[in-house]
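The chain contents come next:
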Amino acid sequence: MTTRPGFHLAIPVDDLVKARDFYGGVLGLSEGRSASAWVDWNFYEHQMVTHIVADAARPAVAGHNPVDGHEVPVPHFGLILPIPDFHTLADRLRAADTKFVIEPYVRFADEPGEQWTMFLLDPAGNALEFKAFRDESQIFAK
């Protein structure tokens, strides 16, 4: 796997207990520093922070975009994982009775950029995508 710079992402949540249950319990992420209004997470060696945001009326998903016959939630964030890790995570999510927005499947089969992908929402409605490319050299293939 190519060495990549780490990223930092801060996302809004409306309940830190639910965020801890999901990110720590369901996804199995390690918790870092925290305060009464935020929690740092080790998101596969990247820093992700869940921040309490009072404006719960704000929709986390602004809309959808058609991709490969599915309605992809926008905005969304996630990770590119090795294929075995993708399937391990998918099994973990299924075991936690996760409701997928888009069930794990192979997108762009037999085309450049073939990948496994899955979409889900966290308890605050933030959309996540996890994917795994058959060939990571084709991440940006046309």
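Relevant structure appears above.
Residues numbered from 1 in each chain as written. Predicted model: local features only at pLDDT ≥ 70, side-chain atom pairs only at ≥ 80, totals over all residues. Heavy atoms only, no water.

Topic: the pattern of salt bridges
Next, step 1: The tally for this structure, following the rule as stated, stands at 6 salt bridges.
Next, step 2: Of the charged contacts in the structure, one is a salt bridge between Arg 33 and Asp 40, with a shortest N-O distance of 3.1 Å.
Next, step 3: When its relative accessible area of 7% is taken as the criterion, Asp 40 is described as buried.
Next, step 4: Residues joined in a network through salt bridges with shared partners are Arg 107, Glu 129 and Lys 131. (Salt bridge = Lys/Arg side-chain N within 4 Å of Asp/Glu carboxyl O. Buried < 20%, exposed > 50% of the residue type's maximum accessible area, 1.4 Å probe, protein only.)

Topic: the nonpolar core
Next, step 1: Ranked by size, the top nonpolar core spans 26 residues in total, and within it Tyr 23, Leu 27, Phe 43, Leu 93, Met 118, Leu 128 and Phe 130 carry the most contacts.
Next, step 2: Counting residues per element, the ones that place at least two in this core are β1 (8-13), α1 (16-26), β3 (38-42), β7 (77-80), α2 (83-95), β9 (115-121) and β10 (127-133).
Next, step 3: Among the elements that take part in this core, α1 stands out by supplying 5 residues, more than any other. (Core = buried A, V, L, I, M, F, W, Y, C linked by side-chain atoms within 4.5 Å. Helix = DSSP H or I, 4+ residues; strand = E, 2+ residues; numbered from the N terminus.)

Examining the sheet that holds strand β2 (residues 30-35)
Next, step 1: Pairing within the open sheet is mixed, and its 4 strands lie in the order β1-β4-β3-β2. Of all strands in the sheet, those with a lone pairing partner are β1 and β2, marking the two edges. Looking at each pair of strands side by side, their axes are set apart by 25° on average, direction ignored.
Next, step 2: Of the pairings in the sheet, the one linking β3 to strand β4 (residues 47-52) comprises 5 bridges and is antiparallel in character. Following the sheet pairing, Val 39 is matched in β4 by Thr 50.
Next, step 3: Lying over the sheet, α1 contacts β1, β2, β3 and β4, oriented at roughly 5° with respect to β3. (Pairing = 2+ DSSP bridges. Axes fitted to C-alpha atoms, helices over the stretch in contact; angles between N-to-C directions. Contact = heavy atoms within 4.5 Å.)

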